[in-house]
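If you want the building blocks of each chain, they are given just below.
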Amino acid sequence: MININLEGCSSFVNPAQFEEYTRKALAAFDTLASEQGAGNDFLGWKHLPSETLDPSCGKAEKGYPVPATPAGLLEECEKVKELWKAKGVDLVIVIGIGGSYLGARCAIEALSHNFSKLLAKKDNPDVVFAGNNLSEEYVAELMDLAAERNTACVVISKSGTTTEPAVVFRLVKEFIEKNYKDASERIVAVTDAARGALKTLSTQEGYKTFVVPDNVGGRFSVLTPVGLIPIALAGFNIREMLEGAREMENELSKRCGCNPAVQYAAMRNLLYSEYGKKIEIMVSYNPKFQYLAEWWKQLYGESEGKDGKGIFPASVNNTADLHSMGQFIQEGDRVMFETVVNIRKSNREVIIGSDPQNLDQLNFLAGKNVEHCNAMAQLGTRLAHIDGGVPQIEISVERINERTLGELFYFFEFACGVSAYTLGVNPFNQPGVEAYKKNMFALLDKPGYEEASKAIRERLA
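Predicted model only: the values in this text are computed from it and were never measured. (Residues numbered from 1 in each chain as written. Predicted model: local features only at pLDDT ≥ 70, side-chain atom pairs only at ≥ 80, totals over all residues. Heavy atoms only, no water.)

Visitor: Please explain the overall build of the protein as it appears in this structure.
Guide: Each helix and strand in the protein was counted, giving 17 helices and 10 strands. The globule rule puts the C-alpha radius of gyration for 461 residues at 23 Å, and the 23 Å found for the protein is close to it. Each principal axis of the C-alpha distribution contributes one length, and for the protein these read about 65 × 60 × 60 Å. The 461 residues of the protein split such that 48% are buried. Relative to all contacts within the protein whose residues are 6 or more apart in sequence, the contacts with residues 24 or more apart total 77%. As displayed, the protein offers around 21,800 Å² of accessible surface, 52% of which is attributable to carbon and sulfur atoms. Charge-centre separation for the protein: the mean point of 49 positive side chains lies 2 Å from the mean point of 60 negative side chains. (Helix = DSSP H or I, 4+ residues; strand = E, 2+ residues; numbered from the N terminus. Rg over C-alpha atoms; globule rule 2.2 N^0.38 Å. Buried < 20%, exposed > 50% of the residue type's maximum accessible area, 1.4 Å probe, protein only. Contact = heavy atoms within 4.5 Å. Areas by Shrake-Rupley, 256 points an atom, 1.4 Å probe, with all protein chains shown as cover. Lys, Arg positive; Asp, Glu negative; His and termini not counted. Charge placed at Lys NZ, Arg CZ, Asp CG, Glu CD.)

In structure tokens, the structure reads:
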């Protein structure tokens, strides 16, 4: 279970103010719990873990519709996995952008062997991600890889018309159709239940489809088929992930000041509003959590960055970044605080040996494991940064596995809702992301954007 430690903030904040912000966070908790706040039509994520693992949840008795059975979802994921295994598929291209890929990539990166793509023996296909950029070199090199491998594709888009994934899917679809007679069996679509370009195409071509729920926004969708299917195809236990999330769902449903989501929301809003801490840096000491930070940055950036408000989410991965960003964090402008995701136990053990010559002067570490050194680096950095004026929140989990990832996903989602309501913004919309799209469509001469195109070109002249 997740633990939160706020001691690293105690020397920076007034206890009475923290009590005040805890009351504010509890009021935001009530808004989220009542489902009467702004954006309340996008709260389907709140009960996903329990409803997926126990689809009825008493709903049938109350006359409510019962969602698709979890066994059905898990079995359908397994059917795709077994079908592609029988076909010898060893490369799965997952096409999506933003919330349509970050959660899955986070989980796969965290759970995989660091060097899995270089290991000779593999029980599961390599999963690669595309459609999250418009780099021509990236797309060309993706096609180079696809030509060398036995390839299948998962395309994730509610509409099917988002530019970045749509461009890449057109190319990948053409490649699969050209090279495989069973092309329609090598493409899985995760899309809207009834409408949109991708849904229409899937029906026409006979693709296996999974549904993106209407009431779950992209950045909250990792525990829907959006995240679960790629994670399952990579060989990981999505039931365990859902179990961890369900435990967290139950824990965070308790209305109290000791609720870790309430504590996190209260402290970060206090640091922001009263102490000028405008930047939150997520810190991990394990490279497997690099994409946890990328997923978290989208979740909080899109949810809180609006109406001229919001904490800017950034990240570092230590100890590597102590040798690049460490100087600024230690002595730069005091506008930041850190949220450290701590892993209490390593899944592996490597003992440092003794060297007779001791030229590197490391014999004092002989007999200790590498993770002990990592832990001491973390503790030393914590003390140094606090002394340097950087408050620290610590969120810790036992170890990296499917269950704890499920806990972290749900914790940060729920805490995001509480925190954004505390800040006074709608956590579930993102009107600002449309601005660049309108300009891009105009510059690409998309039909319907003629006037905007003319205005932009005059501006750039």
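Visitor: Sorry if this is basic, but what is going on with the sheet that holds strand 8 (residues 312-317) here?
Guide: Spatial strand order, 1-10-9-7-8: five strands in an open sheet with mixed pairing. The open sheet has two edge strands with one neighbour each: strand 1 (3-5) and strand 8. Going from strand to strand, the sheet's axes swing by 20° on average, the running direction of each strand aside. Helix 14 (residues 370-387) contacts strand 1, strand 9 (336-343) and strand 10 (392-397) of the sheet and is inclined by roughly 160° relative to strand 10. Of the strands in this sheet, strand 7 (279-284), strand 9 and strand 10 are in contact with helix 15 (residues 402-423), which crosses strand 10 at around 140°. (Pairing = 2+ DSSP bridges. Axes fitted to C-alpha atoms, helices over the stretch in contact; angles between N-to-C directions.)

Visitor: Could you clarify how one ought to interpret the packing of aromatic side chains in this entry?
Guide: Any two aromatic rings considered together are summarised by their centre-to-centre distance and by the angle between their planes. Applying the stated criterion across every chain yields a total of 17 aromatic pairs. Between Tyr 101 and Phe 129, the ring centres sit 5.9 Å apart and the planes meet at 50°, which makes this aromatic pair tilted. You can see Tyr 101 sitting in the loop between strand 2 (91-95) and helix 5 (102-111) and its partner Phe 129 sitting in strand 3 (residues 126-130), a full 28 residues away along the chain. No difference in accessibility class separates Tyr 101 from Phe 129, as the two residues are buried. Through successive ring pairs, a cluster of aromatic residues spans Phe 29, Trp 45, Phe 220, Tyr 410, Phe 414, Tyr 421 and Phe 428. The ring of Phe 441 is capped by Lys 446, whose NZ or CZ atom sits 4.1 Å from the centre of that ring. (Phe/Tyr/Trp six-rings, centres within 6.5 Å; stacked < 30°, edge-to-face > 60°. Lys NZ or Arg CZ within 6 Å of the ring centre and 35° of its normal.)

Visitor: Honestly, unusual backbone geometry in this entry has me stumped. Any pointers?
Guide: Trans is the common state for peptide bonds, and a negative phi is the common state for residues other than glycine. Residue Thr 319 is reached from Asn 318 by a cis peptide bond, and omega for that bond is 15°. By the element assignment, Thr 319 lies in the loop between strand 8 and helix 13 (326-331). With phi around 55°, Asn 358 is a residue other than glycine that occupies positive phi space. With respect to the secondary-structure elements, Asn 358 resides in the loop between strand 9 and helix 14. The class of Asn 358 is partly exposed, set by a relative accessible area of 25%. The backbone of Gln 361 sits at a positive phi, close to 60°, despite the residue not being glycine.

Visitor: Whenever I open this one, the nonpolar core confuses me. Can you help?
Guide: Most often, soluble globular proteins have nonpolar side chains that are buried together. Grouped together as the largest cluster of nonpolar side chains are 100 residues, with contacts concentrated most on Trp 45, Tyr 264, Trp 295, Phe 411 and Phe 412. In this structure, Ala 130, Val 139, Met 143 and Tyr 207 belong to the second largest nonpolar core, which totals 22 residues. (Core = buried A, V, L, I, M, F, W, Y, C linked by side-chain atoms within 4.5 Å.)

Visitor: Would you take a moment to explain the environment of Asn 342 for this structure?
Guide: Inspection of the secondary structure assignment puts Asn 342 in strand 9. Filtering out sequence-adjacent residues up to four positions away, Asn 342 remains in contact with Gln 378, Glu 394, Ile 395, Ser 396 and Val 397.

Visitor: Explain the packing of helix 10 (residues 238-252) against helix 15 to me, please; I cannot follow it from the model alone.
Guide: Two measures define how a pair of helices packs: the angle their axes make with one another and the distance between the axes. Remark: helix 10 packs on helix 15, axes separated minimally by 6 Å, with the N-to-C direction vectors making an angle of 40°. In terms of their interaxial angle, helix 10 and helix 15 are classed as oblique. Remark: the crossing between helix 10 and helix 15 carries right-handed chirality. Across the interface between the two elements, Glu 240, Met 241, Glu 243, Gly 244, Ala 245, Glu 247, Met 248, Glu 249 and Leu 252 from helix 10 touch Glu 402, Arg 403, Leu 405, Gly 406, Glu 407, Phe 409, Tyr 410, Phe 411 and Phe 414 from helix 15. Residues of the contact of helix 10 with helix 15, tallied by class, amount to nine nonpolar, two polar and seven charged. (Parallel < 35°, antiparallel > 145°, perpendicular 65-115°, else oblique. Left-handed = near helix turned anticlockwise from the far one by under 90°. Nonpolar A, V, L, I, M, F, W, Y, C, P; charged D, E, K, R; others polar.)

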